[in-house]
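Structure assessment
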Amino acid sequence: MKQHYLLAILAWLLIALGIGLRLDQYLFNRSLWLDEAFFAVNFLHRDIWTVLQLPLDYSHSHIAPPAFMLITQLSIEMFGNFDYILRLYPLVCGVLSVIAFYFLARITVSPLAVPVAVFLFAISDTLIIYSSDFKQYSSDVLTTIVLLWLAVSWQQLDLTKSRAILLTILGVVIVWFSHSAVLVLATISSYWGLQLLYQRNWQQLSIFIFVGIAWLISAITMYKFVSNGGVVSSPIGEWLLAFWDQVIRGFMPNPLTTAGQQWLFEKLTGAFNYPANLGQTVTATYVPAMLFVFGCLILFVKKRQLLYLSLVPILLTLVLSYLHAYPFADRLILFLLPIFYLVIAEAIAQIKFSVTDYPDYMQRWTTYAFQIGLIFVLVYPLNSVSEKYQKQEIKPLMQYLAQHGKQDKLYLFHWAEPAFRYYAPQYGFDYGACHLISPISVHEFTKEVDYFRQKNAMQPVNVNETSCILGTSELFHKSLADLQQLKGQGRVWFLFAHHFWREKDAFLAYLDEIGTRLDSQYQYGTELYLYKL
């Protein structure tokens, strides 16, 4: 009893740590980076009645679940349109997920594994980051935890009328809050369905089939609504699929081929490094993967229900990856992290040293020392404790530009446009006064910024007719037509964000040839230069 009490106190202290780290990162109030800005600009000119209308400015489909967008719009109308407000709902989900994860751990893993799992969850860099990132991934994690808790708590399913109605409403609604909830719901459906089938409980099974059908209809409707008819029904959709396939390699090749097997090994082991943030050092890369396998073996012997609920969402995600329907990569599998941490924590908790020649207390403390050492190997280095996360700090540069460059021309690097557009009103700039001076570039794929420009039929103007110039491309050789027109224009500021260093260096090398550098300012992931041309 005393040990359980101490473990509970430890778990709650770790919960407080996790909440504190999330609040600390949120209050740091970093600048929106490119992907957040793609989403955020849509809330500059919409209201609660139009926020769900497609297409969005930089996307043919919904970038986030519809309920996420509605909650964001309601928050803006209540409190205003600022970074803190945009990230408020992700923060709430992140904080609630730490608490909810503790209650899930209590009913799924052994008592000693509970604080281990909570610790891994609480200090996860990725979970901390996405608790203050204007994207839906922290709500994906919370949704997974809630659904798994429900599946375990109601494992002895007695589908009364009221419970069936509650389950129907929950499943129908929750897919509008989280795209990945469909995979977890499918897992729960199969788990409960197989359980009722094994029990030959035909009456309960028939009721549950109707519940499952309602969930399926809602999921299909959600997909049709958010994709506006299908992901590939627009040029931007083609780019999105190409990005998932070619850039992050999120789609599995044929698993019967050597390439497919190599992909499986790299993705499954790599997932524990990122997004799970375990085994960050070179020597520890495969430690979390081996612990996960060991944990699965333990669950097979002791807790097969948890093993089923842990492995099926992973398998379903892999199947969809093979079908090119959902990528198995990076932040898109963040919703699987609660499963990773639970299984690994159980593996660590079940490690025991037993040497007959040594007294019990030595064996016990040797076990504790080894377990603590394993945890240290998994989480070192603790970036979440030692430093704040930054991505593209454009706000300080826009503040500097507002103080020193309002009378000069401004050239926006191609990918700097969305964040500049969002922050422009806050720093006294008018994005509506920004123009192209060269035609929209033609690339293999239509990316987000060009999609917005083509949709609005933006046409170039004479360089002398605008003081705010929209860069035509992220590539130097396609931007050369812009830069050549700037010769003789006097003082021109160049704002870079989300740039490749080699491309930015090519820009600067050419500018150094045709002009004189007068000023330069640097922030994390962004740069600002003043040239006399």
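**Side note on the overall build of the protein**
- Within the protein, the regular secondary structure consists of 23 helices and 6 strands.
- By the compact-globule yardstick of 24 Å for 533 residues, the protein fits well, its C-alpha radius of gyration being 26 Å.
- Projecting the C-alpha coordinates of the protein onto the three principal axes gives extents of approximately 85 × 55 × 50 Å.
- Here the protein holds 533 residues, and the buried ones make up 55% of them.
- Considering only intrachain contacts with a sequence separation of at least 6, the fraction spanning at least 24 residues in the protein is 75%.
- For the protein, the centre of its 35 positive side-chain charges and the centre of its 35 negative side-chain charges are spaced 7 Å apart.

**So, unusual backbone geometry**
- Geometrically, the link from L54 to P55 is a cis peptide bond, its omega value of 0° lying close to zero.
- Within the secondary structure, P55 sits in the loop between α2 (34-40) and α3 (66-79).
- Put simply, Y274 and P275 share a cis peptide bond, and its omega is 20°.
- With respect to the helices and strands, P275 occurs in the loop between α13 (258-273) and α14 (287-302).
- In this structure, A457 is a non-glycine residue whose phi angle is positive, near 50°.
- A positive phi angle, near 55°, is found at H498, a position not held by glycine.
- Of note, H498 is situated in the loop between β4 (491-497) and α23 (501-514).

**Some thoughts on the packing of aromatic side chains**
- Scanning the entire structure with this criterion turns up 41 aromatic pairs.
- Judged by centre distance (5.9 Å) and plane angle (40°), the rings of F68 and F134 are tilted. One end of the pair, F68, is in helix α3; the other, F134, is in the loop between α7 (125-130) and α8 (137-153), with 66 residues separating them in the sequence. Accessibility assignment for this pair places F68 and F134 in one class, buried.
- Seen from their ring centres, W244 and F251 are 6.3 Å apart, and the 85° between their planes marks the pair as edge-to-face.

**Notes on the pairing of strand β5 (residues 516-523)**
- Of the pairings in the sheet, the one linking β5 to strand β6 (residues 526-532) comprises 7 bridges and is antiparallel in character. Paired with Q521 across the bridge in β6 is L528.
- Where β5 folds back on β6, the antiparallel hairpin that results is connected by 2 residues, among which G525 adopts a positive phi of roughly 80°.

**Some words on the sheet that holds strand β1 (residues 409-412)**
- With respect to topology, 6 strands assemble into an open sheet ordered β2-β3-β1-β4-β6-β5, the strand pairing being mixed. Both edges of this open sheet fall to β2 (434-435) and β5, since each of them pairs with a single strand only.
- The sheet strands contacting helix α19 (residues 395-404) are β1, β4, β5 and β6, and the helix crosses β5 at an angle near 140°.

**Thoughts on the nonpolar core**
- Membership of the largest hydrophobic core comes to 101 residues, with the highest contact counts inside it found for F101, W192, F340, Y341 and I344.
- Setting aside residues no more than four positions away along its own chain, F340 makes contact with A271, F272, A276, F292 and I314.
- L142, L410, M458 and L528 belong to the second largest nonpolar core, which has 70 residues in total.

**Some words on the side chain of S438**
- Inspection of the secondary structure assignment puts S438 in the loop between β2 and α21 (448-455).
- For S438, a relative accessible area of 5% translates into the label buried.
- Separated by 2.6 Å, the side chains of S438 and D482 make a polar contact.
- A distance of 3.1 Å separates a polar atom in the side chain of S438 from a polar atom in the side chain of Q485.
- Apart from residues no more than four positions distant in its own chain, S438 is found in contact with P460, T472, A481, D482 and Q485.

**Here's the deal with empty space enclosed by the protein**
- Evaluation of the coordinates by the stated rule reveals 3 cavities of 30 Å³ or more.
- In this structure, the largest cavity spans a volume of roughly 50 Å³.
- Every residue along the wall of the largest cavity is listed here: R22, G94, S97, F121, L127, Y130, S131, S138, V141 and L334.
- For the lining of the largest cavity, the elements supplying multiple residues, two or more each, are α5 (88-106), α7 and α8.
- For the lining of the largest cavity, a count of residues per class yields 5 nonpolar, 4 polar and 1 charged.

**Let's talk about α21**
- Counting buried positions over the 8 residues of α21 gives 6, a clear majority of the element.
- All buried positions along α21 are accounted for by E448, V449, D450, Y451, F452 and R453.
- On its buried face, α21 is in contact with α2, α12 (235-247), α20 (417-423) and β3 (468-470).
- In the segment just after α21, A457 is the residue with positive phi, at about 50°.

**Considering the environment of L397**
- Among the structural elements, L397 can be located in helix α19.
- Residue classification places L397 among the buried positions, given a relative accessible area of 2%.
- Put simply, L397 and T526 are 129 residues apart on the chain and 7.9 Å apart in space, counted from C-alpha to C-alpha.
- Apart from the residues within four sequence positions on either side, L397 is in contact with L495, Q521, Y522, Q523, T526, E527 and L528.

**Here's the deal with the layout of surface pockets**
- Approximately 440 Å³ is the volume found for the second largest pocket.
- Forming the boundary of the second largest pocket are 16 residues, of which L7, L10, L112, P115 and V116 lie nearest the centre.
- Mapped by element, the contributors of at least two residues to the lining of the second largest pocket are α1 (2-28), α6 (113-122), α16 (337-349) and α17 (360-379).
- When grouped by side-chain class, the residues that make up the lining of the second largest pocket number 14 nonpolar, 2 polar and no charged.

**With respect to the state of the cysteines**
- For the structure on display, the rule yields 1 disulfide.
- A sulfur-sulfur distance of 2.0 Å marks the disulfide that ties C434 to C468. A torsion of 80° about the S-S bond marks the disulfide between C434 and C468 as right-handed. Separated by 34 residues along the polypeptide, C434 in strand β2 and C468 in strand β3 bring together distant segments of the chain.
- The exposure class of C434 is buried, given its relative accessible area of 5%.

**Description of the pattern of salt bridges**
- Throughout the structure, instances matching the rule amount to 14 salt bridges.
- Residue D83 pairs with K395 through a salt bridge whose shortest N-O separation is 3.2 Å. Of this pair, D83 sits in helix α4 (residues 83-86) while K395 sits in helix α19, placing them 312 residues apart in sequence. Each member of the pair, D83 as well as K395, is classed as buried.
- One salt-bridge network, in which partners are shared between bridges, spans R30, E36, R87 and D133.

Reading guide: rules and limits
- Residues numbered from 1 in each chain as written.
- Predicted model: local features only at pLDDT ≥ 70, side-chain atom pairs only at ≥ 80, totals over all residues.
- Heavy atoms only, no water.
- Helix = DSSP H or I, 4+ residues; strand = E, 2+ residues; numbered from the N terminus.
- Rg over C-alpha atoms; globule rule 2.2 N^0.38 Å.
- Buried < 20%, exposed > 50% of the residue type's maximum accessible area, 1.4 Å probe, protein only.
- Contact = heavy atoms within 4.5 Å.
- Lys, Arg positive; Asp, Glu negative; His and termini not counted.
- Charge placed at Lys NZ, Arg CZ, Asp CG, Glu CD.
- Phe/Tyr/Trp six-rings, centres within 6.5 Å; stacked < 30°, edge-to-face > 60°.
- Pairing = 2+ DSSP bridges.
- Axes fitted to C-alpha atoms, helices over the stretch in contact; angles between N-to-C directions.
- Core = buried A, V, L, I, M, F, W, Y, C linked by side-chain atoms within 4.5 Å.
- Polar contact = N/O pair within 3.5 Å; in protein donor to acceptor, adjacent residues only side chain to side chain.
- 1 Å grid on protein atoms, 1.4 Å probe; cavity = no way out; pocket = protein on both sides within 12 Å on 5 of 7 lines; lining within 4 Å.
- Points joined across faces, edges and corners; volume = space filled by probe spheres on them.
- Nonpolar A, V, L, I, M, F, W, Y, C, P; charged D, E, K, R; others polar.
- Disulfide = S-S within 2.5 Å.
- Salt bridge = Lys/Arg side-chain N within 4 Å of Asp/Glu carboxyl O.

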